[in-house]
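Results of the structural survey
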Amino acid sequence: MTQLKIDHDTIREKTIEGRYMRVEDIQRVFKAHGAIHLETLGYSVLGRPIEIIRLGQGRLKILMWSQMHGNESTTTKAVLDCIHYLNEPTPESKFILENCSICIIPILNPDGAAAYTRINANGIDLNRDAQNLREPESRILRKVLDDFKPDYCFNLHDQRTLFSVGKTSKPATLSFLAPAHDKNRSISRTRGVSMQLIVAMNQLIQRIIPGQVGRYDDAFNANCVGDTFQMLGIPTILFEAGHFPNDYQREKTRIYMFQAILQAIWTIANNAISDYDRDDYFLIPENGKQFFDILIKDAHLIGKKYDKGVSVGISYEEKLESDTISFIPKVKEIGALNDFYGHKEYNCTNRSDLRTILEMPLLMQLLQ
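What counts as what
- Residues numbered from 1 in each chain as written.
- Predicted model: local features only at pLDDT ≥ 70, side-chain atom pairs only at ≥ 80, totals over all residues.
- Heavy atoms only, no water.
- Helix = DSSP H or I, 4+ residues; strand = E, 2+ residues; numbered from the N terminus.
- Rg over C-alpha atoms; globule rule 2.2 N^0.38 Å.
- Contact = heavy atoms within 4.5 Å.
- Areas by Shrake-Rupley, 256 points an atom, 1.4 Å probe, with all protein chains shown as cover.
- Lys, Arg positive; Asp, Glu negative; His and termini not counted.
- Charge placed at Lys NZ, Arg CZ, Asp CG, Glu CD.
- Disulfide = S-S within 2.5 Å.
- Buried < 20%, exposed > 50% of the residue type's maximum accessible area, 1.4 Å probe, protein only.
- Pairing = 2+ DSSP bridges.
- Axes fitted to C-alpha atoms, helices over the stretch in contact; angles between N-to-C directions.
- Expected span 1.5 Å × (residues − 1).
- Parallel < 35°, antiparallel > 145°, perpendicular 65-115°, else oblique.
- Left-handed = near helix turned anticlockwise from the far one by under 90°.
- Nonpolar A, V, L, I, M, F, W, Y, C, P; charged D, E, K, R; others polar.
- Phe/Tyr/Trp six-rings, centres within 6.5 Å; stacked < 30°, edge-to-face > 60°.

Digging into the overall build of the chain
- Tallying secondary structure elements over the chain gives eleven helices and 14 strands in all.
- A compact globule built from 368 residues would reach a C-alpha radius of gyration of about 21 Å, and the chain, at 21 Å, matches this within 12%.
- For the chain, the C-alpha atoms occupy an extent of roughly 65 × 45 × 45 Å along the three principal directions.
- Contacts in the chain between residues at least 24 apart in sequence constitute 75% of all its contacts with a sequence separation of at least 6.
- Total accessible area computed for the chain in this model is approximately 16100 Å², and 47% of it derives from carbon and sulfur atoms.
- Seen as two clouds, the 44 positive and the 46 negative side-chain charges of the chain have centres 2 Å apart.

Here's the deal with the state of the cysteines
- One pass over the structure, following the stated rule, counts zero disulfides.
- Here cysteine 103 is not cross-linked by a disulfide; its sulfur's nearest cysteine counterpart is in cysteine 153, at 10 Å.
- Taking the relative accessible area as the measure of exposure, cysteine 103 reaches 2% and is therefore buried.

Digging into the pairing of strand E13 (residues 324-335)
- Alignment of strand E12 (residues 311-321) against E13, held across eleven bridges, turns out to be antiparallel. The residue of E13 that forms the bridge with glutamate 321 is threonine 324.
- Following E12, the chain reverses through two residues before pairing antiparallel with E13; serine 322 in that reversal takes a positive phi of roughly 50°.

Brief notes about the sheet that holds strand E7 (residues 174-177)
- The mixed open sheet is built from eight strands, whose spatial order is E1-E2-E4-E3-E5-E9-E7-E8. What marks the edges here is a single partner per strand, and that holds for strand E1 (39-43) and strand E8 (213-215). Going from strand to strand, the sheet's axes swing by 20° on average, the running direction of each strand aside.
- With three bridges joining them, E7 and E8 adopt parallel strand pairing. Its bridge partner being in E8, phenylalanine 176 is matched across the sheet by arginine 215.

Thoughts on helix H6 (residues 136-148)
- The terminal C-alpha atoms of H6, which comprises 13 residues, lie 18 Å apart, in line with the 18 Å expected from a rise of 1.5 Å per residue.
- Within the span of H6, buried status applies to Pro136, Glu137, Ser138, Ile140, Leu141, Val144, Leu145 and Phe148.
- Positive backbone phi, at 55°, marks lysine 149, one or two positions downstream of H6.

Side note on the environment of phenylalanine 154
- Tracing the backbone shows phenylalanine 154 in strand E5 (residues 152-158).
- The sequence separation of phenylalanine 154 and phenylalanine 244 amounts to 90 residues, and the corresponding C-alpha distance is 22 Å.
- Setting aside anything within four residues of it in sequence, one finds phenylalanine 154 in contact with Ile62, Leu63, Met64, Trp65, Ile237, Phe239, Ile261, Ala264, Ile265 and Ile268.

Considerations on the sheet that holds E12
- One open sheet holds the four strands; their spatial order is E13-E12-E11-E14, and the pairing between them is mixed. Only two strands of the sheet have a single partner each, and these edge strands are E13 and strand E14 (341-347). Sheet twist, expressed as the average angle between the axes of neighbouring strands with direction ignored, equals 25°.

What about the packing of helix H7 (residues 189-208) against helix H9 (residues 251-269)?
- Put simply, H7 and H9 touch, their axes get as near as 9 Å, and they point 140° apart. Compared by their axis directions, H7 and H9 come out oblique. At the point where H7 passes H9, the crossing takes the right-handed sense. Here Leu197, Ala200, Met201, Leu204, Ile205 and Ile208 of H7 come into contact with H9, specifically with Tyr256, Gln259, Ala260, Ile261, Gln263, Ala264, Thr267 and Ile268.
- Among the residues making up the contact of H7 with H9, the classes are represented as eleven nonpolar, three polar and no charged.

Topic: the packing of aromatic side chains
- Applying the stated criterion across every chain, the model contains 13 aromatic pairs.
- A centroid spacing of 6.5 Å and a plane angle of 70° characterise the contact between tyrosine 20 and tyrosine 116, whose relative ring orientation is edge-to-face. On the criterion of sequence distance, the pair formed by tyrosine 20 in the loop between helix H1 (8-11) and helix H2 (23-33) and tyrosine 116 in the loop between helix H5 (110-115) and H6 is long-range, its members being 96 residues apart. Accessibility classification places tyrosine 20 together with tyrosine 116 in one group, the buried group.

Given below as structure tokens:
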């Protein structure tokens, strides 16, 4: 099937960038454009609106939601770019909207988004509330599912910088999962469809960032939304936006996620799912956990605290400070760490690297 070729710069929602994304930001975007109506579905624990956007009038129905975890905003940016693209009068966008009806919840967890936390205001992970439906946000999503009766579901998330593609030195910039529908992780018809759609996306993304797509862990958990929806017989895909080198604001990852989402929609609109072999899904390497944000090798040359040959693995903790996300380094592991990588690596046997570390007060304070 023909794959879409899109200049992202021409349709990127330029008023939105960075990691901190709230309901107010979404409302501001659509108020400025005025072409798409935001419909309020209900309210969060703290009374913030949970809104939905409806596009298209076709028979193939797609439901997608982002920021179920409030601190996972990359897919929200990508979704806004998709909305912008679909609102442009091109033959491709017209074709999609003639064949598909698309419902998008940009921020399912607005309280978590405001506080930049994974959980909602009651301290609940909404992605573990699919069976109990204790939280208003979970009940709203389930009501949309029951009322809209989608043919496909896209569950949009971010993943941490620690994830690698297998055991390689490639970061998992995008990861996908066809969630299991039973503890044996068998392949139902609908799970097979999810796999085929992932193959379609993977073929496109591999041409752009080869070797940087991973397959997320498919351990079954009936409390997870994707597993529950798969159990209901709806092909569901988990999208995970990960790290691209030197892209902590995830503006590069945003581009690749936009392209992946649109490719999946395009494949559905063209009734082309059967063009893709579901067995190719298993050729995508499983995610490993091989990365630190900073890896310092031969740390004994910094001071006597470390044994010879010891490395220090440092990961960032993300903290909301004055509407900006700060990245605070924390030592996560000390040891040989021979099979690990750093998004930034320093080897203290290299004089230039050693001098760089010694001139970084925050890092030196952490290491001593």
